[in-house]
Amino acid sequence: MEGEGVVGVPARLEITLSNLSDQAETPLIQLTLSGIKVDQKSVSLKPGEEGKVYFELFLTKPGWIDGEVRLSEDKLPLDDVFYFSLNVREKVKVLVVDGDPKTSLKAAESFLLG
């Protein structure tokens, strides 16, 4: 996921996997946020192939979330779990600059953004 999450705004988490073995694999990928399993998916990967899995998130509380991506067991268990933290903001601060200010607020280009 690029950047920070925002409460109430859908977000997309991208996981990139590589199959470094000489056999086709179909690992199960589980996503856990704050200790709660929120989704799981599988992906088929040929030997030497890289693939991506996407999780759609809808974050409801501001603050830091501890996340975990866990792969189904394979011959190398040390790389089956990836831990991360995600900062969720309550809102996004935006600065709006009116390029052609008017004498009346309703006539300003930025009026409809309020």
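Just so it is clear, the structure is predicted and the values come from calculations on it, not from any experiment.

Chemist: Can you help me understand the pattern of salt bridges in this one?
Modeler: Pairing between side chains becomes possible if they bear opposite charge and their charged atoms approach one another. Enumeration over the complete set of coordinates arrives at three salt bridges. Between Arg12 and Glu56 there is a salt bridge; the shortest N-O distance is 4.0 Å. With a gap of 44 residues between them, Arg12 in strand 2 (residues 10-18) and Glu56 in strand 5 (residues 50-58) connect regions that are remote in the sequence. Given the relative accessible area of 46%, Arg12 is considered partly exposed.

Chemist: It is not clear to me how the environment of Val38 should be interpreted in this structure. Could you clarify?
Modeler: Its place among the elements puts Val38 in strand 4 (residues 36-42). Given the relative accessible area of 43%, Val38 is considered partly exposed. Among all residues touching Val38, those that are not within four sequence positions of it are Leu31, Thr32 and Leu33.

Chemist: Please explain the packing of aromatic side chains as it appears in this structure.
Modeler: Aromatic ring pairs are defined here through the distance separating the ring centres and the angle between the ring planes. What the rule picks out here adds up to one aromatic pair. Judged by centre distance (6.3 Å) and plane angle (20°), the ring pair of Phe82 and Phe84 falls under stacked. The side chain of Arg12 reaches across the aromatic face of Tyr54, ending 3.7 Å from its centre.

Chemist: Could you clarify how one ought to interpret the side chain of Glu68 in this entry?
Modeler: Looking at the element boundaries, Glu68 is found in strand 6 (residues 63-71). Exposure remark for Glu68: the relative accessible area of 18% places this residue in the buried category. In terms of polar contacts, Glu68 uses its side chain to reach the side chain of Arg70, at 3.0 Å. Ignoring any residue separated from it by four or fewer positions in sequence, one finds Glu68 in contact with Gln30, Leu31, Thr32, Val81, Phe82, Tyr83 and Phe84.

Chemist: Help me out: how do you make sense of unusual backbone geometry in this one?
Modeler: A negative phi holds for most residues other than glycine; trans holds for most peptide bonds. Of note, Ser34 is a non-glycine position whose phi angle comes to about 50°, a positive value. Summarising the element assignment, Ser34 is placed in the loop between strand 3 (28-33) and strand 4. Residue Ser34 is classed as partly exposed on the basis of its relative accessible area, which comes to 49%.

Chemist: Would you mind going over the pairing of strand 4 with me for this structure?
Modeler: Side chains on a regular strand alternate between the two faces of the sheet. Looking at chain direction, strand 3 and strand 4 are connected through six bridges and run antiparallel. The partner of Leu28 across the bridge, within strand 4, is Ser42. Counting the residues in the hairpin turn of strand 3 and strand 4 gives two residues, including Ser34, whose phi is positive at 50°.

What counts as what
- Residues numbered from 1 in each chain as written.
- Predicted model: local features only at pLDDT ≥ 70, side-chain atom pairs only at ≥ 80, totals over all residues.
- Heavy atoms only, no water.
- Salt bridge = Lys/Arg side-chain N within 4 Å of Asp/Glu carboxyl O.
- Helix = DSSP H or I, 4+ residues; strand = E, 2+ residues; numbered from the N terminus.
- Buried < 20%, exposed > 50% of the residue type's maximum accessible area, 1.4 Å probe, protein only.
- Contact = heavy atoms within 4.5 Å.
- Phe/Tyr/Trp six-rings, centres within 6.5 Å; stacked < 30°, edge-to-face > 60°.
- Lys NZ or Arg CZ within 6 Å of the ring centre and 35° of its normal.
- Polar contact = N/O pair within 3.5 Å; in protein donor to acceptor, adjacent residues only side chain to side chain.
- Pairing = 2+ DSSP bridges.

On their own, these measurements won't tell you what the molecule is for.
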